[in-house]
Amino acid sequence: MAAKRSSGILLYRSREDGATEFLLIHPGGPYWTKRDDGAWSIPKGGIEAEEDSREAALRELDEELGSGAPDLEPAELIDLGSIRQRAGKVVDAWAAEGDFDPDELDSNTFEMEWPPKSGREVEFPEVDRADWFELDAARRKLLPAQGEFLDRLLEHLGRTVAR
């Protein structure tokens, strides 16, 4: 069986002092509530059948951030390649310079039985938080495998990568 594939966008912005910040999201739902370091992600989601990875990344950005998501064109995206996460999922990533106000987060939702075996369906946001992080904090917050995307983007931008 082929590995599940997702596609996402690493948004970044440059501050006046020259530092780069990265937008990360925290997954919603009860299993992630108490997890912080090593639990955040780039906005991403599954690639639908016959869908281009770049188009999937743009769709997922809109679905996970909501109406405040930056309006990006496919040609603006920087290809960051793919990584394989610990559970085997392959994630394709793109980067784009843009801005987003985390207070405008309006994520899609999903339903699941909660508590387990209760027979009760509860609705949760796909993303419960979004925030901008400088490099060191972004490395700490991200799922470990996705840290590679930070390095690839910084290399693309010609910035020093301190590992």
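A short tour of the structure in this document, coming up.

Definitions and limits used
Residues numbered from 1 in each chain as written. Predicted model: local features only at pLDDT ≥ 70, side-chain atom pairs only at ≥ 80, totals over all residues. Heavy atoms only, no water. Core = buried A, V, L, I, M, F, W, Y, C linked by side-chain atoms within 4.5 Å. Buried < 20%, exposed > 50% of the residue type's maximum accessible area, 1.4 Å probe, protein only. Helix = DSSP H or I, 4+ residues; strand = E, 2+ residues; numbered from the N terminus. Contact = heavy atoms within 4.5 Å. Salt bridge = Lys/Arg side-chain N within 4 Å of Asp/Glu carboxyl O. Polar contact = N/O pair within 3.5 Å; in protein donor to acceptor, adjacent residues only side chain to side chain. Pairing = 2+ DSSP bridges.

Residues L10, F22, L24, L80, F149 and L153 are the most contacted members of the largest nonpolar core, which totals 21 residues. Counting only elements with at least two residues in this core, the list comes to β1 (5-14), β2 (20-27), β4 (78-84), β5 (90-97), α2 (135-141) and α3 (147-156). In terms of residues, this core owes the most to one element, α3, which gives four residues. When neighbours within four sequence positions are excluded, F22 is seen to be in contact with L10, L11, Y12, D131, W132, F133, E134, L135, A138, L150, L153 and L154. Judged by nonpolar contacts, the second largest core, of 17 residues, contains L61, L72, L77 and V127.

It is worth spelling out the pattern of salt bridges at this point. Under the criterion given, the structure shown has 17 salt bridges. The closest approach of N and O atoms between D92 and R5, which form a salt bridge, is 2.5 Å. With D92 in strand β5 and R5 in strand β1, this pair connects stretches of sequence that are 87 residues apart. R59 is the salt-bridge partner of E51, the closest N and O atoms lying 2.8 Å from each other. Using a relative accessible area of 18% as the deciding quantity, one classes R59 as buried. In the salt-bridge network here, residues are joined through shared partners; they are R13, R15, D17, E21, D99 and E134.

Now for the side chain of T20. Examined against the element boundaries, T20 turns out to sit in strand β2. On the basis of relative accessibility, which here comes to 9%, the residue T20 falls in the buried class. A polar contact of 2.4 Å, which involves the side chain of T20, links it to the side chain of R159. Not counting residues up to four positions away in its chain, the partners in contact with T20 are Y12, R13, S14, F133, E134, L135, L154 and R159.

Turning to the pairing of β1, a few remarks are in order. Of all 10 residues that make up β1, seven are buried, and the element is covered over most of its length. Here β1 runs beside β5; their pairing, made up of eight bridges, is parallel. Paired with L10 across the two strands is A95, which belongs to β5. Relative to strand β3 (residues 44-46), β1 runs antiparallel, the two sharing three bridges. Bridge assignment links S7 to a residue of β3, and that residue is G45.

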